[in-house]
Amino acid sequence: PPHRTNLGDYYFERVNADAEEPEAEVIGEYPVIAMPDADKAKLIDMTLANADLPAIATLIEQINTETRRAIDWETKAKRAAVPSISVKDEEAVSDDIPSGRVTTKKAYEVFGLKSPAARKLLDFDVPVWVWEFAHPHVPEVDPNYIFRPFELFRVLYAIITNQRCYLHGHTGTGKTTLVEQVAALLMWPVVRMNFDSEITRMDLIGRDVLTSEGGATVSNFVDGILPQAMSGPYITICDEIDFVRPDVAYVMQRVFEGNGLMLTEDGGRIVKPHKMFRMFATGNTVGQGDEHGMYQGARPQSMAMLDRFTVWIKVDYMSTGDRKKLLKSTAPSLDSNEIDKINQYVGEHLEAFTTAKVLQPISPRTYMAFASAVAMFKTMSVPEPIEQALSATILDRASVQDRAVLNGLSNRVFK
């Protein structure tokens, strides 16, 4: 069921991403072996005595003691391996940007993952910002977002260790949304740069702008988006980086190394990255051109640039089970059969897209809109609500060839 998580002064509700598993008996934080009842203990003690071994109570106490000791050592080793997070309070730079400070919380608590497997994987501290008032650049929390633990782990690993991270996968897999939702729950401001072939060095670095001062025309250098983001505690997302011109991408080479940025256009001024500045990039390809024949304009990037990314994440489409949870939370008024039918259609549409039978993708945004439309059309007594919703959200945007294929899929699933 949904549960509530306290994050500073913010509260959010989300669907549990993984089923609860039964946990072992614990004392405090330690799993223990329980003592058998008195009759069984007597029988065991007789057998142990014949073998010149200690009583069962002594053996269990020794095992539990060594278990506690091993867990303590494992915890100390894990903490030693994770870099400590320490940063000065962030002072307000304008009336719109609040002052803030960094606290730490357990990752599994922040992201609401409670199963033993997820708790074990995410049992480490993550930085969480606390702002004087709502920061305008912190993304909004999506209460229905479902985190997949291993993808989440890699994103958090890149954040904690300050490494550049590249997320790749088909359109609609949620690469950018993953980073934004991680930032939303960490209360971390985000700058998103959308790349295309028209992005220039001046867009990234900055340019001289003529202004009037005291009746005279003077030239002032205005920082581009990159030095502005570097100067603050921002997670910067280089969205669709495989569409940028490779020569323009070289502008960011030093930044991808974690170093400062030299502005030769501003007299060689060096912009040093803020201690809490982080960089992520997303792409439909791995930066070596369009291998699928579906992403026109994707360019092969320099291997020297790609080598600066030291954490990589292949983001796949959601599993059938996760999609079902998302659809249920999006349109709770639909019955199980309707949810299953919509989920089946989405799965077949995704299979047709990834095998190039159709060129129209279907993202979570699209099938959530589809499910919402079905629910709304039912309340409005629209005839054939599923067919009308499918047409309104998916079919009417399809090419003639794609529409023929998708019509066949929908007839097989919904008829």
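These figures come from a predicted structure and were not determined experimentally. (Residues numbered from 1 in each chain as written. Predicted model: local features only at pLDDT ≥ 70, side-chain atom pairs only at ≥ 80, totals over all residues. Heavy atoms only, no water.)

A word on the overall build of the protein chain. Of regular secondary structure, the protein chain possesses 16 helices and 15 strands. Looking at the 415 residues of the protein chain, the share that counts as buried comes to 44%. For the protein chain, the accessible surface area stands at approximately 21500 Å², while carbon and sulfur atoms represent 54% of it. (Helix = DSSP H or I, 4+ residues; strand = E, 2+ residues; numbered from the N terminus. Buried < 20%, exposed > 50% of the residue type's maximum accessible area, 1.4 Å probe, protein only. Areas by Shrake-Rupley, 256 points an atom, 1.4 Å probe, with all protein chains shown as cover.)

A positive phi angle, close to 55 degrees, is found at Asn 162, a residue other than glycine. Residue Ser 381 is not a glycine yet carries a positive backbone phi of 55 degrees. The exposure class of Ser 381 is exposed, given its relative accessible area of 61%.

Okay, the sheet that holds strand E14 (residues 278–283) next. Ordered in space as E8-E11-E14-E7-E15, the five strands form an open sheet in which the pairing is parallel. Sheet topology places strand E8 (190–194) and strand E15 (311–314) at the edges, where each strand pairs with a single neighbour. Averaged over neighbouring strand pairs, the angle between their axes works out to 20 degrees when direction is ignored. Bridge analysis of E8 against strand E11 (residues 235–239) gives five bridges, and the strand direction is parallel. Bridge pairing links Val 191 to Thr 236 in E11. (Pairing = 2+ DSSP bridges. Axes fitted to C-alpha atoms, helices over the stretch in contact; angles between N-to-C directions.)

Taken as a whole and judged by the stated rule, the model has 19 salt bridges. A salt bridge links Glu 265 to Arg 201, with the nearest nitrogen and oxygen atoms 2.5 Å apart. Taken as a pair, Glu 265 in the loop between strand E12 (261–263) and strand E13 (269–271) and Arg 201 in helix H7 (residues 201–205) lie far apart in primary sequence, 64 residues in all. Taking the relative accessible area as the measure of exposure, Arg 201 reaches 34% and is therefore partly exposed. Asp 396 is the partner of Arg 403 in a salt bridge, and the nearest nitrogen-oxygen pair spans 2.9 Å. Several salt bridges share partner residues, and in doing so they unite Lys 106, Asp 123 and Asp 125 into one network. (Salt bridge = Lys/Arg side-chain N within 4 Å of Asp/Glu carboxyl O.)

Glancing now at the pairing of strand E6 (residues 125–131). For E6, a buried count of five out of seven residues is recorded, marking the element as mostly surrounded by other parts of the structure. Pairing of strand E5 (residues 100–106) with E6 involves seven bridges; the strand directions are antiparallel. Within E6, the position partnered with Thr 103 by the bridge is Val 128.

Looking now at the pairing of E14. Working note: regular strand, side chains alternate between the two faces of the sheet. In terms of burial, E14 is a largely internal element, six of the six residues being buried. Neither face of E14 is exposed, since Arg 278, Phe 280 and Thr 282 on one face and Met 279, Ala 281 and Gly 283 on the opposite face are all buried. Direction of pairing for strand E7 (residues 165–168) relative to E14: parallel, over a ladder of four bridges. For Tyr 166, the partnering residue across the bridge sits in E14 and is Ala 281. Here four bridges tie E11 to E14, and the two strands are oriented parallel to one another. Note that in E14 the partner of Thr 236 across the bridge is Met 279.

The description of an aromatic ring pair rests on the distance of the ring centres and on the angle between the ring planes. If you walk through the whole model with that rule in mind, you get 12 aromatic pairs. A network of ring pairs unites the aromatic residues Tyr 166, Phe 256, Phe 309 and Trp 312 as a single cluster. (Phe/Tyr/Trp six-rings, centres within 6.5 Å; stacked < 30°, edge-to-face > 60°.)

Of all hydrophobic cores here, the largest spans 40 residues; its most connected members are Leu 156, Val 182 and Leu 186. Of all the secondary structure elements, the ones that give two or more residues to this core are helix H3 (107–110), E6, helix H5 (149–161), E7, helix H6 (175–186), E11 and E15. Setting aside residues up to four positions removed in sequence, Leu 186 forms contacts with Val 110, Phe 111, Val 126, Pro 127, Val 128, Trp 129, Leu 156 and Ile 159. One finds Leu 326, Leu 350, Ala 352 and Phe 377 within the second-largest nonpolar core, a separate group that totals 37 residues. (Core = buried A, V, L, I, M, F, W, Y, C linked by side-chain atoms within 4.5 Å. Contact = heavy atoms within 4.5 Å.)

Given 3.6 residues per turn, any residue in an α-helix points the same way as the ones three and four places further on. Here H6 spans 17 Å end to end across 12 residues, near enough to the 16 Å set by a 1.5 Å rise per residue. Taking burial as the measure, the 12 residues of H6 include 11 buried ones, the bulk of the element. Taken together, the buried positions of H6 are Lys 175, Thr 176, Leu 178, Val 179, Glu 180, Gln 181, Val 182, Ala 183, Ala 184, Leu 185 and Leu 186. Following H6 by one or two positions, Met 187 adopts a phi angle in the positive range, close to 55 degrees. (Expected span 1.5 Å × (residues − 1).)

For the rest of this paragraph, the subject is the side chain of Asn 64. With respect to the secondary-structure elements, Asn 64 resides in helix H2 (residues 56–81). Residue class for Asn 64 comes out buried when judged on its relative accessible area of 7%. Among the polar contacts made by the side chain of Asn 64, one reaches the main-chain amide nitrogen of Ile 33 at a distance of 2.9 Å. Discounting residues that sit within four places of it in the chain, Asn 64 has contacts with Pro 31, Val 32 and Ile 33. (Polar contact = N/O pair within 3.5 Å; in protein donor to acceptor, adjacent residues only side chain to side chain.)

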